[in-house]
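Given next are the chains, with one letter for each unit.
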Amino acid sequence: GPGFPQVVVLVGATGDLARRKLLPGLFHLCTAGFIPGCRIVGVSLDEIDVEGFRAIARASLDEFGSRKTTPDAWDAFAAALDYVPLSAGASALRAAVERAEAALGRECRRLHYLSVPPNAALTVVRTLGEAGLVERSRIVMEKPFGTDLASAVALNGKLHEVFQEAQIFRIDHFLGKEPAQNILAFRFANGLFEPIWNRNFIDHVQIDVPETLGLGKRAGFYEQTGAYRDMVVTHLFQILAFMAMEPPTALEPAPISEEKNKVFRSMEPIRPADVVRGQYSGYRGEEGVDPDSDTETFIALKCHIDNWRWAGVPFYLRTGKRLAEGQRIISIAFREPPKSMFPPGSGVGAQGPDHLTFDLADASKMSLSFYGKRPGPGMRLDKLSLQFAMRDTGMAGEVLEAYERLILDAMRGDRTLFTTAEGIERLWEVSTPLLESPPPVRLYEAGSWGPKAVHQLIAPHAWRLPF
Ligand code: BG6
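Counting of residues starts from 1 at the beginning of each chain's written sequence and follows it residue by residue. Confidence filtering applies because this is a predicted model: local features only for residues at pLDDT of at least 70, side-chain atom pairs given and counted only at 80 or more, and all residues used for totals across whole chains, interfaces and linings. Hydrogen atoms and water are omitted, and side-chain values are computed over all heavy atoms in the structure.

Operational definition: UniProt positions are given in the numbering used here, feature names are shortened, and annotations may be inferred rather than shown by experiment.
In the annotation of an unreviewed UniProt entry, the protein is listed under the name Glucose-6-phosphate 1-dehydrogenase and assigned to Variovorax ginsengisoli. Its UniProt record, at the heading Function (unreviewed entry), says of the protein: "Catalyzes the oxidation of glucose 6-phosphate to 6-phosphogluconolactone." Under the Sequence similarities (unreviewed entry) heading, UniProt states for the protein: "Belongs to the glucose-6-phosphate dehydrogenase family."

So, in structure tokens, the structure goes:
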């Protein structure tokens, strides 16, 4: 763990992410002994006092905490909470941090966690600067980092007026998921698959993250972002980089970032013709949504990585809200065998190509599906599979939630699983044609698999989901 006690300044402390993930995650890190002392100063636009904040934290543990809360653990955590409304200004914030440091007694480090929309981040950074809370501090920035290339470059420039690059941790929580890191282990710790991990053997790749969730109380955030900025330019492209990158020279931050950034540099700009944008019917009637909103709640696209390993291999990405199922899978479809000797009607190829599938569920799952013989006379084939589920190994209890893992890494100063300014700027650059001329949104029924056009997008292949 980190060697020093930590004062966490949690900005956006009453928001959706704080309640769903950050407060339960901090509770676990603080009470399970990962950090040698921790106090949390909540900050938000809400005019509440510390008791109000404790009530929000308590409710968030009850609703979203995945682990048991004992009365003692809760009392200790509640005592470590403080709250300052943003309107109270820089000096009130400074005073609260000083109180927290005094209570911790030893030399501390500060972690400023900015869980705020892109247009609010800079104001907060300036306030931290004015409050003199820059030394001994690291700052975690939530995605989306900017809303396009120009705003991301401007944001980086302004950030650097206050914080040094080494202090800035741009978080992408998908990289904190155990199964995402398991992609690296799987690819680089085994001799079996790496030789076929290229255009000669792989036909196409799907990264498919449908969600059943709707907007919740996030209309204000979502209207400004939409599915592309919320999920694709961040999480899905980061996962794509783990799948597509060359072996890094070492499993360390700089070599890993370098290989990921090379993938991003090789990506072809996204062509609007390769994109299906969707919006579920009823979205425009949701509270806080513009009745004429053009925000997409669904997106599917085809992209290409124009390098030696991947030339000609399409990557299909899809995600959206209010879809039929919640899944997070990466599926690799292998090329067909060069010649079929099986009689017509045997079933070979009838259930699509053979696949390797990673499931990004909280405990890793993987499966390899292939054709095999059905028992009985003649040669009839069926799709069979080899399956691995971390759940069955007895190790699943050790899984850290993505945010817990990443908060701990930021406290320790380990950037391995964080994104870089260069990578993010390149991804916005790749996105520019789409952001400048987005195709119109197509309506889809809530509870469906999105607009029909997703099938044309992927033809002659087919979506692996639903299983
Ligand atoms: C967040 C997005 O970053 O990721 C949400 O803002 C989305 O819209 C969420 O629902 C999905 O994360 P997870 O960990 O539940 O797959």
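## Looking at the UniProt feature "binding site: substrate" (unreviewed entry) in the protein
The criterion, for reference: Helical segments are the DSSP runs of H or I of at least four residues, strand segments are the runs of E of at least two, and each set is numbered from the N terminus. Any two residues whose heavy atoms approach within 4.5 Å are treated as being in contact. We define a polar contact as two N or O atoms separated by no more than 3.5 Å, with the added condition that, inside protein, one atom must be a possible hydrogen donor and the other a possible acceptor, whereas residues neighbouring each other in sequence contribute only through side-chain atom pairs.
Residues annotated in UniProt with the feature "binding site: substrate" (unreviewed entry) correspond here to His173, Lys177, Glu211, Asp230 and Lys321. Tracing the backbone through its elements, the reader meets Asp230 in helix α8 (residues 219–244). Apart from the residues lying within four places of it in its own chain, the contact partners of Asp230 are Lys143, Arg218, Phe221, Tyr222, Thr225, His235 and Lys321. Within polar-contact distance, the side chain of Asp230 engages the side chain of Lys143 at 2.8 Å.

## Overview of helix α1 (residues 16–31)
Stated precisely, the cut-off is as follows: Helices are assigned an expected span. That span is 1.5 Å times one less than the residue count. What is called the bend at a residue is the angle between a pair of axes, fitted to the seven residues leading up to and ending at it and to the seven starting from it. Working definition: with a 1.4 Å probe on protein chains only, accessible area under 20% of the residue-type maximum means buried, over 50% means exposed, and in between means partly exposed.
In this model, α1 (16 residues) spans 22 Å end to end at C-alpha, consistent with the 22 Å of a helix rising 1.5 Å per residue. The principal kink in α1, of about 35°, is found at Leu22, preceding the proline Pro24 by one to four residues. Residues of α1 that are buried: Leu17, Ala18, Leu22, Leu23, Pro24, Gly25, Leu26, Phe27, His28 and Leu29. Looking at the buried positions of α1, the neighbouring elements they touch are β1 (6–11), β2 (38–44), α2 (50–64), α3 (71–79), β4 (109–114) and α10 (402–412). Of the residues flanking the end of α1, it is Gly33, one or two places downstream, whose phi is positive at about 80°.

## Observations concerning the site of the ligand
Rules: Proximity is defined per residue: any heavy atom of the residue falling within 4 Å of a molecule or strand makes that residue near it. In this description, accessible areas are obtained by the Shrake-Rupley approach with a 1.4 Å probe, and a residue is regarded as covered only by the protein chains that are shown. Side-chain classes are defined by residue name, with Ala, Val, Leu, Ile, Met, Phe, Trp, Tyr, Cys and Pro counting as nonpolar, Asp, Glu, Lys and Arg as charged, and the others, Gly among them, as polar.
Taken together, Lys143, His173, Phe174, Lys177, Glu211, Leu213, Arg218, Asp230, Met231, His235, Lys321 and Arg328 make up the full set of residues near the ligand. His173 has a polar side-chain atom sitting 2.8 Å from an oxygen atom of the ligand. For the ligand, the accessible surface in isolation is 400 Å², of which the surrounding protein chains cover 85%. Taken together, the residues of the shell around the ligand sort by class into three nonpolar, two polar and seven charged.

## Regarding the UniProt feature "domain: Glucose-6-phosphate dehydrogenase C-terminal" (unreviewed entry) in the protein
Within the UniProt annotation, "domain: Glucose-6-phosphate dehydrogenase C-terminal" (unreviewed entry) is assigned to residues 184–462. Within the segment residues 184–462, helix and strand shares are 28% and 21% respectively, and the terminal C-alpha atoms sit 26 Å apart.

## Considerations on the environment of Phe237
Along the chain, Phe237 falls in helix α8. Classification of Phe237 as buried rests on a relative accessible area of 0%. As a C-alpha pair, Phe237 and Arg136 span 101 residues in sequence and 32 Å in three-dimensional space. Not counting residues within four places of it along the chain, the set of residues in contact with Phe237 comprises Tyr228, Val232, Phe264, Met267, Ile270, Cys303, Leu317 and Leu427.

## Structural notes on the pattern of salt bridges
Heads up, the condition is: What counts as a salt bridge is simple: a side-chain nitrogen of Lys or Arg found within 4 Å of a carboxyl oxygen of Asp or Glu.
Counted according to the given criterion, the structure contains 33 salt bridges. For Arg54, the salt bridge identified is with Glu51, shortest N-O distance 2.7 Å. Taken together, the residues Arg54 and Glu51, both in helix α2 and three residues apart, mark about one turn of the helix. The exposure class assigned to Arg54 is buried, which follows from its relative accessible area of 19%. The class of Glu51 is partly exposed, set by a relative accessible area of 49%. With its nearest N and O atoms 3.8 Å apart, the salt bridge here joins Arg391 to Asp392. Comparing Arg391 with Asp392, the two get one shared label, exposed.

## Quick look at the packing of aromatic side chains
Stated formally: When two rings of Phe, Tyr or Trp (its six-membered ring) have centres within 6.5 Å they constitute a pair, described as stacked for plane angles under 30 degrees, edge-to-face for angles over 60, and tilted for the intermediate range.
For the structure on display, the rule yields 13 aromatic pairs. Each ring, one from Phe186 and one from Phe358, has its centre 5.2 Å from the other, and the planes form 90°; the classification is edge-to-face. With a gap of 172 residues between them, Phe186 in helix α7 (residues 178–188) and Phe358 in strand β12 (residues 355–359) connect regions that are remote in the sequence. The same class applies to Phe186 as to Phe358, namely buried. With 5.4 Å between their ring centres and 80° between their planes, Trp310 and Phe315 make a pair best called edge-to-face.

## A word on unusual backbone geometry
In this structure, Pro144 follows Lys143 across a cis peptide bond, with omega equal to -10°. By secondary structure assignment, the location of Pro144 is in the loop between β5 (137–141) and α6 (149–162). Geometrically, the link from Ala459 to Pro460 is a cis peptide bond, its omega value of 5° lying close to zero. Within the fold, Pro460 resides in the segment after α12 (453–458). The phi angle at Arg136 is positive, at roughly 50°, despite the residue not being glycine. Within the secondary structure, Arg136 sits in the loop between α5 (118–130) and β5. By relative accessible area, which is 35% here, Arg136 ends up partly exposed.

## Here's the deal with the sheet that holds strand β10 (residues 315–320)
As a reminder of what qualifies: Pairs of strands are assigned from DSSP output, requiring at least two bridges between the strands. For every element, the axis is a line fit to its C-alpha atoms; helices are fit only across the contacting stretch, and the angle between N-to-C directions ranges from 0 to 180 degrees.
Strands sit in the order β14-β13-β12-β11-β7-β10-β9-β8-β15 across an open sheet of nine strands; the sheet is mixed. Strand pairing shows two members of the sheet lacking a second neighbour, β14 (381–389) and β15 (442–444), which therefore form its edges. Here the strands of the sheet are splayed against their neighbours by 20° on average, with no regard to which way each runs. In the packing of α7 onto the sheet, contacts are made with β11 (329–334), β12 and β13 (365–373), and the angle to β12 comes to roughly 140°.

## A few points about a nonpolar patch on the surface
Put simply, the rule is: Patches draw on residues past 30% relative accessible area with no salt bridge. Two like charges within 9 Å are joined, as are two nonpolar side chains (Val, Leu, Ile, Met, Phe, Trp, Tyr) within 5 Å.
A cluster of nonpolar side chains, contributed by Met341, Phe342, Val348 and Met379, occupies part of the molecular surface with about 360 Å² of accessible area. Within the secondary structure layout, Val348 lies in the loop between β11 and β12. The partly exposed category is assigned to Val348, whose relative accessible area is 33%.

## Considering the nonpolar core
For clarity, the cut-off: Nine residue types can take part in a nonpolar core, namely buried Ala, Val, Leu, Ile, Met, Phe, Trp, Tyr and Cys, and a core is a set of them joined through side-chain atoms within 4.5 Å.
The biggest cluster of nonpolar side chains holds 136 residues, and the ones touching the most others in it are Leu10, Leu114, Trp197, Phe237, Phe315, Leu317 and Phe358. Of the residues forming this core, the biggest block, 16 residues, is contributed by α8.

## A few points about the packing of α2 against α3
Note the threshold: Angle categories: roughly parallel below 35 degrees, roughly antiparallel above 145, roughly perpendicular from 65 to 115, and oblique for all the rest. The handedness criterion is simple: a crossing whose near helix is rotated anticlockwise from the far helix by less than a right angle is left-handed, and one whose near helix is rotated clockwise is right-handed.
Running from N to C, α2 and α3 cross one another at 140°; their axes reach a closest spacing of 10 Å. With respect to α3, the axis of α2 lies oblique. You can see that α2 and α3 cross each other, and the crossing is right-handed. Facing Arg54, Ala57, Arg58 and Leu61 of α2, the residues of α3 in contact are Trp74, Ala78 and Ala79.

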